[in-house]
Protein chains: 2
Amino acid sequence: MVGSMGNGSMDLREREKAEPLPKEFEPKEMVDAVPPLRTDTVEEEEKRTSREIVLGRNVHTMCLEVKEPEDDDEVTGDREAYMASVLARYRRSLIDRTKHHLGYPYNLDFDYGALSHLQHFSINNLGDPFIESNYGVHSRQFEVGVLDWFARLWELEKNEYWGYITNCGTEGNLHGILVGREVFPNGVLYASKESHYSVFKAARMYRMECVKVATLVSGEINCADFKAKLLQNKEKPAIINVNIGTTVKGAVDDLDLVIQTLEENGFKDRFYIHCDGALFGLMMPFVKRAPKVTFKKPIGSVSVSGHKFVGCPMPCGVQITRLEHINALSSNVEYLASRDATIMGSRNGHAPIFLWYTLNRKGYRGFRKEVQKCLRNAHYLKDRLKEAGISVMLNELSSTVVFERPKDEDFVRQWQLACEGNIAHAVVMPNVTIEKLDHFLGELLEKRSLWYQEGKSSPPCIAAEVGEINCLCSMHKK
Amino acid sequence: MVGSMGNGSMDLREREKAEPLPKEFEPKEMVDAVPPLRTDTVEEEEKRTSREIVLGRNVHTMCLEVKEPEDDDEVTGDREAYMASVLARYRRSLIDRTKHHLGYPYNLDFDYGALSHLQHFSINNLGDPFIESNYGVHSRQFEVGVLDWFARLWELEKNEYWGYITNCGTEGNLHGILVGREVFPNGVLYASKESHYSVFKAARMYRMECVKVATLVSGEINCADFKAKLLQNKEKPAIINVNIGTTVKGAVDDLDLVIQTLEENGFKDRFYIHCDGALFGLMMPFVKRAPKVTFKKPIGSVSVSGHKFVGCPMPCGVQITRLEHINALSSNVEYLASRDATIMGSRNGHAPIFLWYTLNRKGYRGFRKEVQKCLRNAHYLKDRLKEAGISVMLNELSSTVVFERPKDEDFVRQWQLACEGNIAHAVVMPNVTIEKLDHFLGELLEKRSLWYQEGKSSPPCIAAEVGEINCLCSMHKK
């Protein structure tokens with residue numbers, strides 16, 4: 001409790017009851033100096049500043065220093081007042097930054113007020129969700145409820161799946177690829193070059209051979225190139241990362257064609273597919289024309305982020321895989337006292353409760369309705385941009401609108417657009433309303449008329465990124 | 001917002017404004033069926049139950065199912081009422097479980113009420129803390145403030161360190177060992193057999209050669225055995241995990257002796273030390289007699305958990321390493337658009353604010369006071385157990401009290417004691433008061449007199465685990 005760590009009455013009572021401290025723990029034996037605070041000399045300041053070049057904008061210069069409390073802080077209340085003012089300012093900036101947010105696929109439209117009375121418990125789902133731990137302050141009962149829901153969505157029976165709630169999409173990919181490697185220790189990892197960077201990070205971490213596969217203009221994996229690459233490594237099993245929505249273009253790899261390519265080229269029963277469904281893993285099941293992600297097909301694992309389409313105040317994700325793979329994995333870890341099939345040990349116990357709450361409120365029908373709204377609004381954005389003469393691409397069944405990168409970095413930052421080369425994207429999530437899009441479009445068109453006035457410069461050509469048909473630069477405009 | 005996802009006025013307004021939905025997204029093209037719910041047959045039920053043997057107590061049987069809302073739920077309010085009752089029951093159990101908690105080193109004594117108004121923001125510190133991201137709803141300014149504080153504690157200059165706030169102690173170990181492997185790609189990993197399981201998990205994940213080193217009875221690394229193992233692998237550099245408080249016995253490896261052993265056996269400038277300070281990393285600096293963890297010694301990285309001694313509602317940790325190592329690491333990841341030196345991509349942005357808040361409130365002096373209290377209370381517990389004739393060990397400078405495993409598993413579960421073989425431990429954290437210990441001791445002594453009455457059975461000998469001097473079994477009792 002706040003205040004109880006000082007010399008409150010509780011403390012005094014204990015002190016009376018406690019035995020005298022053994023000599024070696026006497027206060028005089030405690031380190032009494034606060035570590036020396038260092039002030040940079042001019043040369044050091046220069047050296048430190050030069051770090052910016054290496055590391056990007058140096059956050060030290062704007063960081064909120066932790067200050068050692070003064071002895072009388074508890075009396076004067078100065079410290080509390082200082083902290084309250086910092087937090088109030090921060091909250092204001094969060095409100096503004098949340099309002100102007102288009103580039104990241106996070107659904108910011110949630111209200112977890114009903115859960116606020118749980119926020120101050122230290123909830124930790126240590127290790128495996130299906131194995132009881134002696135630590136009692138956990139939320140496994142919520143976690144398994146959520147996992148069951150996703151297993152049902154992806155059509156894997158309760159007695160055939162294993163999974164857990166992860167800290168983020170990256171952890172899902174790290175886990176799926178690790179399971180693949182344990183199933184096929186000498187397997188080669190294949191992933192399209194537009195896969196999330198965590199896939200390549202996994203290859204490096206796990207010391208796996210990794211082959212990058214080319215993509216189509218849409219961002220989907222190019223299965224002709226995939227075939228060619230497979231044939232170069234015929235003797236080794238294949239571990240494939242399939243994107244259910246790439247990060248930049250929202251492209252959905254054709255799962256069926258990937259499986260067909262594998263089976264037709266001699267890899268039958270010698271492949272493991274991990275589906276990275278960070279964003280669209282939860283959207284696609286609700287759209288009929290989308291390639292279906294289901295464990296009725298020969299896939300090994302699926303991961304999806306919880307803070308994206310569902311919406312959650314902290315990053316989290318869901319990982320579902322086949323129980324048989326996990327049993328194989330865990331038989332190999334006999335040196336561990338307990339089964340340890342998760343990447344992280346201690347796991348955030350609040351995230352499952354947030355997810356459970358939202359799934360219960362919305363249900364499959366509620367998500368279907370939201371998917372519909374997002375797709376509709378994404379088309380609205382695409383059409384308005386096109387009308388205004390701006391190069392734009394929207395993949396079928398995606399809510400990620402890719403368009404010409406705005407010339408002004410302040411504008412990019414203001415709207416928190418994710419950019420790559422000459423393209424930017426906006427991800428239309430349930431919290432992105434037509435009003436918000438109109439606000440964005442109004443600002444963009446106003447600024448753009450200034451950026452490109454009097455023909456001094458012209459908008460970039462992005463035909464290479466979005467295809468000639470979507471490019472409206474001076475060369476490709478019809 | 002709650003309610004806004006239905007057919008509220010906002011939704012209707014949008015629908016009026018929006019263009020008609022392209023044909024392929026018409027509602028009739030949406031998947032309309034809820035995935036079929038499966039009911040187990042008797043055979044399947046048996047099969048499912050048999051899973052318990054493989055996976056431990058099957059949480060499915062007690063999990064909180066996610067139920068599809070009925071169409072009229074929003075009208076009747078039944079759904080809200082159901083969820084509220086589940087959450088209220090859960091909260092009551094959390095209060096009870098939090099009260100009876102001795103076995104895990106989590107400080108449950110915190111009050112973050114002042115931060116409750118930030119809980120509903122989706123705060124995400126994507127990637128590197130020192131590189132700005134376009135996602136604006138972050139808390140890097142708090143994160144770097146916290147990192148600076150820890151770098152100062154462990155004596156590494158601002159312009160020489162790199163670090164980030166992790167999801168848990170495991171992520172810290174995974175990171176530290178990965179940095180070690182990148183510095184010495186053919187290095188052999190050495191860790192005492194009482195190291196945290198995540199260290200051996202890392203070796204497996206990273207495909208590193210790993211050598212287990214014996215321990216002393218105290219749980220510390222046995223440097224004679226370490227030397228012998230080193231000499232068997234003379235040609236390869238050494239990567240060493242040094243425990244600043246082992247999980248089970250709270251033993252602190254002798255960092256100075258480890259370094260001396262390395263240097264005297266031909267490993268000078270050919271080793272990388274990662275210090276796993278999960279719990280004691282934050283306690284040791286405040287105790288004079290403890291081996292000092294400092295970057296003035298040739299160590300490469302230190303990790304500590306945030307939800308342990310500091311106290312935080314969700315698992316988190318702090319990782320500090322030398323900037324030079326990270327620059328080496330990042331020069332190798334040129335295939336990434338951005339620098340990516342963290343294990344996870346999306347990172348919980350709430351944890352840094354919790355830590356920043358507590359560090360500011362308590363400061364170095366506040367932590368020193370709490371360390372003192374914990375050590376004193378741990379000695380109190382040890383002395384009371386010994387007086388009662390119970391085998392017990394308390395490592396010098398540790399607050400982890402190791403004692404004879406209580407015979408009754410319900411008692412173990414009730415007090416959430418972590419057990420291994422014949423020993424159990426209680427970790428005295430700031431929230432463990434003398435009152436709580438007296439409550440625990442009272443119950444233990446009462447039950448124990450029943451377990452071992454009439455000499456039918458006698459308490460186990462734990463001399464192998466805690467040494468003959470600490471064992472009070474019938475054979476070793478003097």
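Residues numbered from 1 in each chain as written. Chains lettered and ligands numbered in written order. Predicted model: local features only at pLDDT ≥ 70, side-chain atom pairs only at ≥ 80, totals over all residues. Heavy atoms only, no water.

Draft legend 1. Expanded view of the sheet that holds strand β2 (residues 188-192) of chain A. Residues and elements named next belong to chain A. Strand order in this open sheet of seven strands is β1-β7-β6-β5-β4-β2-β3, and the pairing throughout is mixed. Each end of this open sheet is capped by a strand with a single partner; those strands are β1 (161-166) and β3 (210-213). Ignoring which end each strand starts from, the neighbouring axes of this sheet average 15° apart. By the bridge criterion, four bridges tie β2 to strand β4 (residues 238-243) in an arrangement that is parallel. (Pairing = 2+ DSSP bridges. Helix = DSSP H or I, 4+ residues; strand = E, 2+ residues; numbered from the N terminus. Axes fitted to C-alpha atoms, helices over the stretch in contact; angles between N-to-C directions.)

Draft legend 2. Examining the side chain of Asn167(B) more closely. Mapped onto the elements, Asn167(B) comes out in the loop between β1 (161-166) and α6 (169-183). Given the relative accessible area of 7%, Asn167(B) is considered buried. Those residues in contact with Asn167(B) that sit more than four places away from it in its chain are Asn167(A), Ser346(A), Pro315(B), Cys316(B), Gly317(B), Met344(B) and Asn348(B). (Buried < 20%, exposed > 50% of the residue type's maximum accessible area, 1.4 Å probe, protein only. Contact = heavy atoms within 4.5 Å.)

Draft legend 3. Structural detail: the packing of helix α5 (residues 140-153) of chain A against helix α11 (residues 350-387) of chain A. All names here are of chain A. The interhelical angle for the contact between α5 and α11, taken along N-to-C directions, is 30°, at an axis separation of 8 Å. Between α5 and α11, the angle is such that the two are roughly parallel. Crossing of α5 over α11 shows left-handed handedness. On α11, the residues that touch Phe142, Glu143, Val146, Trp149, Phe150, Arg152 and Leu153 of α5 are Pro352, Ile353, Leu355, Trp356, Leu359, Gly363, Tyr364 and Phe367. (Parallel < 35°, antiparallel > 145°, perpendicular 65-115°, else oblique. Left-handed = near helix turned anticlockwise from the far one by under 90°.)

Draft legend 4. Highlighting helix α8 (residues 223-232) of chain A. Residues and elements named next belong to chain A. For α8, the full list of buried residues reads Cys223, Asp225, Phe226, Lys229 and Leu230. Within α8, the buried residues cover an arc of 150° as seen down the axis, which keeps them to one side. Away from its buried face, by an angle of more than 90 degrees, α8 presents the exposed residues Ala224 and Gln232. Taken together, the buried residues of α8 touch β2, β3, β4 and α9 (255-264). (Arc of directions from axis to C-beta.)

Draft legend 5. Representation of the sheet that holds β1(B). Residue and element names in this part refer to chain B. In spatial order, the strands read β1-β7-β6-β5-β4-β2-β3; together these seven strands make up an open sheet with mixed pairing. The strands lining the two open edges of the sheet, one partner per strand, are β1 and β3 (210-213). The average angle at which neighbouring strand axes cross in this sheet is 15°, direction not considered. Packed onto the sheet, helix α8 (residues 223-232) meets β2 (188-192), β3 and β4 (238-243) and runs at close to 155° relative to β3. Those strands touched by helix α9 (residues 255-264) are β4 and β5 (271-276), and its axis lies near 165° from that of β5.

Draft legend 6. How the structure looks around the packing of α6(B) against helix α7 (residues 197-205) of chain B. Residues and elements named next belong to chain B. Between α6 and α7, the shortest axis-to-axis distance is 9 Å and the interhelical angle comes to 45°. By the angle between their directions, the pair α6 and α7 is classed as oblique. Helix-helix and strand crossings are classified by hand; for α6 and α7 the assignment is right-handed. Counting all contacts with α6, which are made through Thr170, Asn173, Leu174 and Ile177, the residues of α7 involved are Ser198, Val199, Lys201, Ala202 and Met205. Here the residues of the contact of α6 with α7 are counted per class, giving five nonpolar, three polar and one charged. (Nonpolar A, V, L, I, M, F, W, Y, C, P; charged D, E, K, R; others polar.)

Draft legend 7. A look at the environment of His175(B). Residues and elements named next belong to chain B. Counting through the fold element by element, His175 comes out in helix α6. For His175, a relative accessible area of 1% puts it in the buried group. As a C-alpha pair, His175 and Pro313 span 138 residues in sequence and 23 Å in three-dimensional space.

Draft legend 8. Layout of the nonpolar core. Phe150(A), Ile273(A), Phe150(B) and Ile273(B) are the most contacted members of the largest nonpolar core, which has 280 residues in total. Once you skip the residues sitting within four places of it in the chain, Ile273(A) turns out to touch Ile240(A), Val242(A), Leu255(A), Val258(A), Ile259(A), Leu262(A), Pro298(A), Ile299(A), Gly300(A) and Ser301(A). (Core = buried A, V, L, I, M, F, W, Y, C linked by side-chain atoms within 4.5 Å.)

Draft legend 9. Representation of the pattern of salt bridges in the model. All names here are of chain A. In this structure the tally under the stated criterion is 40 salt bridges over all chains. Glu143 is paired through a salt bridge with Arg347; the nearest N and O atoms lie 2.7 Å apart. With a gap of 204 residues between them, Glu143 in helix α5 and Arg347 in the loop between α10 (323-331) and α11 connect regions that are remote in the sequence. Residue classification places Arg347 among the buried residues on the basis of a relative accessible area of 2%. A salt bridge links Asp148 to Lys158, with the nearest nitrogen and oxygen atoms 3.7 Å apart. With a gap of 10 residues between them, Asp148 in helix α5 and Lys158 in the loop between α5 and β1 connect regions that are remote in the sequence. (Salt bridge = Lys/Arg side-chain N within 4 Å of Asp/Glu carboxyl O.)

Draft legend 10. View of the packing of aromatic side chains. On inspection of all chains with the given rule, the structure shows 43 aromatic pairs over all chains. Each ring, one from Phe411(A) and one from Trp451(A), has its centre 5.8 Å from the other, and the planes form 75°; the classification is edge-to-face. Here Trp451(A) lies in helix α13 (residues 434-451) and Phe411(A) lies in helix α12 (residues 409-414), a separation of 40 residues in the sequence. Neither Phe411(A) nor Trp451(A) differs from the other in exposure class; each is buried. Ring geometry for Phe150(B) against Trp154(B): centres 5.4 Å apart, planes inclined by 45°, an arrangement best described as tilted. For the residue pair Phe150(B) and Trp154(B), the accessibility class agrees, reading buried in each case. Members of the aromatic cluster, joined through ring pairs, are Trp149(A), Phe150(A), Trp154(A), Phe309(A), Tyr364(A) and Phe367(A). Above the ring of Phe267(B), the side-chain terminus of Arg270(B) is found at 4.9 Å from the ring centroid. (Phe/Tyr/Trp six-rings, centres within 6.5 Å; stacked < 30°, edge-to-face > 60°. Lys NZ or Arg CZ within 6 Å of the ring centre and 35° of its normal.)

Draft legend 11. Examining the environment of Leu178(B) more closely. Mapped onto the elements of the fold, Leu178(B) is located in helix α6. Note on Leu178(B): relative accessible area 11%, which makes it buried. The spacing of Leu178(B) and Ala203(B) is 25 residues in sequence and 9.2 Å in space, taken between C-alpha atoms. Residues contacting Leu178(B), with those up to four places away along its chain left out, are Met205(A), Tyr206(B) and Ile343(B).

Draft legend 12. Molecular detail of the state of the cysteines. Residue and element names in this part refer to chain A. Taken as a whole and assessed by the stated rule, the structure comprises zero disulfides over all chains. The thiol of Cys210 is unpaired, and the distance to the nearest cysteine sulfur, on Cys223, comes to 16 Å. Judged by its relative accessible area of 30%, Cys210 is partly exposed. The thiol of Cys461 is not disulfide-bonded; the next cysteine sulfur, from Cys473, is found 3.8 Å away. (Disulfide = S-S within 2.5 Å.)

These values are about where atoms sit, not about what they do.
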